[in-house]
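A structural walkthrough
Here are the chains, one letter per residue:
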Amino acid sequence: MPVTYTNNLKNISDKLQNLFRSEFGSSLPAYLGEGEYAGSQFLKILYNSSELIERNVESETREYSFTFVVYMMEAGSGRNDMIKLLRILSRIEALINQNRSLTLADNTFAIDCSLNNYLIAEQEDSEHYLIEMDFICSHLGNVN
C-alpha cells in the first residue's frame, strides 16, 4: 500500500514566495532555487536543510532552514544604493517579524519563523550587492 505524504518543503517554500510577492510585487521578484534571473534586483529563496527536532508516536517536528539572497544592481552612487539596500533589508526583517507563524496550503503551520543572520556584500568582480539572510522555521508534520 503506498504511503500518503505531504510535501512540507514545497508548502513552506511556496508560502514564503507568496509572502514576498504580496509585499514587494514586481519591485523585488521572488524566485525559488538557483537559476539565471534577469532584472536589476530580485530575491532568491534557497533551501538549505531540514533537521529533526522531536519525534513521537503520532508526529514529528522539523526545523527548516533557508537562505534568502537579495540581489541588487548598482544604480548610481554607492551611498544611495546602500540606503536602498538597507531599506529592503529592514522591510524584509519587519515582514518576517510580523509573520512568525505561517499558515500553509495544507492548513498546518510553520512556526517560530525568524531571520537569524545576514551578510551584506558588495561584489568585487561586478556592479552589484548581495544580502544573504538565514531563515529558519519549525513545522509539526507527519501527524497520524
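Presented here is a report on the structure given in the accompanying data block. Computed from a prediction, not measured in an experiment: that's the story for all the values here.

Across its full length, the protein carries two helices and six strands. Listing the helices and strands of the protein from first to last along the sequence gives α-β-β-β-α-β-β-β. Projected onto its principal axes, the C-alpha coordinates of the protein cover approximately 60 × 30 × 25 Å. Buried residues in the protein amount to 36% of all 144 residues. For the protein, the proportion of contacts with a sequence separation of at least 24, taken over those separated by at least 6, is 56%. For the protein, the accessible area works out to roughly 8,700 Å², and carbon and sulfur atoms hold 48% of it. Here the protein contributes 11 positive and 20 negative side-chain charges, whose respective centroids are spaced 7 Å apart.

Per the counting criterion, the structure on display carries seven aromatic pairs. When the centroid spacing of 6.4 Å and the interplanar angle of 25° are considered together, the rings of F20 and F24 count as stacked. Here the residue F20 and the residue F24 both occupy positions in helix α1 (residues 8-24), the gap between them amounting to four residues, near one helical turn. With respect to class, F20 is no different from F24; both count as buried. For the ring pair Y31 and F42, a centre distance of 6.0 Å and an interplane angle of 75° mean the geometry is edge-to-face. Of the two residues, Y31 is situated in strand β1 (residues 30-32) and F42 in strand β2 (residues 41-55); the sequence distance between them amounts to eleven residues. A relative accessible area of 23% means that Y31 is categorised as partly exposed.

As for its placement among the helices and strands, A110 is situated in strand β5 (residues 109-122). Taking the C-alpha atoms as reference points, A110 and N99, separated by eleven residues in sequence, lie 9.7 Å from one another. Setting aside residues no more than four positions away along its own chain, A110 makes contact with I12, R100, S101, L102, L104, C137, S138 and H139.

About the criteria used
- Residues numbered from 1 in each chain as written.
- Predicted model: local features only at pLDDT ≥ 70, side-chain atom pairs only at ≥ 80, totals over all residues.
- Heavy atoms only, no water.
- Helix = DSSP H or I, 4+ residues; strand = E, 2+ residues; numbered from the N terminus.
- Buried < 20%, exposed > 50% of the residue type's maximum accessible area, 1.4 Å probe, protein only.
- Contact = heavy atoms within 4.5 Å.
- Areas by Shrake-Rupley, 256 points an atom, 1.4 Å probe, with all protein chains shown as cover.
- Lys, Arg positive; Asp, Glu negative; His and termini not counted.
- Charge placed at Lys NZ, Arg CZ, Asp CG, Glu CD.
- Phe/Tyr/Trp six-rings, centres within 6.5 Å; stacked < 30°, edge-to-face > 60°.

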